[in-house]
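Secondary and tertiary structure notes
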Amino acid sequence: SAVISQKPSRDICQRGTSLTIQCQVDSQVTMMFWYRQQPGQSLTLIATANQGSEATYESGFVIDKFPISRPNLTFSTLTVSNMSPEDSSIYLCSGLVPAKNIQYFGAGTRLSVL
Amino acid sequence: QKEVEQNSGPLSVPEGAIASLNCTYSDRGSQSFFWYRQYSGKSPELIMFIYSNGDKEDGRFTAQLNKASQYVSLLIRDSQPSDSATYLCAAARTGNTPLVFGKGTRLSVIA
């Protein structure tokens, strides 16, 4: 399997602040994705992180709220901006290993917004 | 709209029984299908993947795919309490497209 390291593992934040989540993957990974999992729900794709260019966002997610960077092949960040309690969720980084056509997940970031 | 549908459960089975988890998908262009296991508070862990019609076995797990019926299933033989988790079905069009997940089926194996 691929190694996907994500941090922080959890955080408690105040309304109106921003949190940046980091994801480091090993060299097998080509594509990187960011998902959100709200309590009791399944995974919803936020965006595909593109190396050196703007991320590709899914319907309902915008760059101003969830800016994403991917400066190189093995590193990406997701920022949750101007947070509100509705942003309380688990955020998951995922990496695709094309040789196996399999996506692997990081351990996730459990975010609580007060 | 690409959708993956699963019964949310909970599905309760006694220890040692066969657990059968089902999934349907709406996008006929889907080519790859995955089953992930997710324990409470943890991230999804890949259990099985299947690309071709028929059965694929790996230990106690068997994945079944029927593209004509747009149906995927996961059988868990000799279920153990440690198998109690939420099982997520996912589909993808190609190797370079993100997964579309179902809502997951919660499995409870009773000792």
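Presented here is an overview of the structure given in this document.

Conventions adopted
- Residues numbered from 1 in each chain as written.
- Chains lettered and ligands numbered in written order.
- Predicted model: local features only at pLDDT ≥ 70, side-chain atom pairs only at ≥ 80, totals over all residues.
- Heavy atoms only, no water.
- Phe/Tyr/Trp six-rings, centres within 6.5 Å; stacked < 30°, edge-to-face > 60°.
- Helix = DSSP H or I, 4+ residues; strand = E, 2+ residues; numbered from the N terminus.
- Buried < 20%, exposed > 50% of the residue type's maximum accessible area, 1.4 Å probe, protein only.
- Lys NZ or Arg CZ within 6 Å of the ring centre and 35° of its normal.
- Salt bridge = Lys/Arg side-chain N within 4 Å of Asp/Glu carboxyl O.

1. Here's the deal with the packing of aromatic side chains
- For the structure shown, the criterion picks out twelve aromatic pairs over all chains.
- Here A:Phe105 and B:Phe101 contribute two aromatic rings whose centre-to-centre distance is 5.9 Å and whose plane-to-plane angle is 65 degrees, an arrangement assigned as edge-to-face. Of the two residues, A:Phe105 is situated in strand S10 (residues 102-105) and B:Phe101 in strand S10 (residues 100-101); the pairing between them involves two chains.
- Given the relative accessible area of 9%, A:Phe105 is considered buried.
- By relative accessible area, B:Phe101 is classed as buried at 9%.
- A ring pair is formed by B:Phe34 and B:Tyr36, whose centres lie 6.5 Å apart and whose planes are at 40 degrees; its orientation type is tilted. Judged on exposure class, the residue B:Phe34 and its partner B:Tyr36 are both buried.
- Cluster of aromatic residues (ring-pair linked, three or more members): A:Tyr35, A:Phe105, B:Phe34, B:Tyr36, B:Phe49, B:Tyr51 and B:Phe101.
- The ring of B:Phe49 is capped by B:Lys56, whose NZ or CZ atom sits 3.4 Å from the centre of that ring.
- In this structure, B:Arg60 is placed above the aromatic ring of B:Phe61, and the distance from its NZ or CZ to the ring centre is 5.5 Å.

2. Looking at the pattern of salt bridges
- Under the defined criterion, the tally for this structure stands at five salt bridges over all chains.
- A:Asp87 is paired through a salt bridge with A:Lys65; the nearest N and O atoms lie 2.6 Å apart. One end of the pair, A:Asp87, is in the loop between strand S8 (75-80) and strand S9 (89-97); the other, A:Lys65, is in the loop between strand S6 (56-57) and strand S7 (68-72), with 22 residues separating them in the sequence.
- For B:Arg77, the salt bridge identified is with B:Glu57, shortest N-O distance 3.5 Å.

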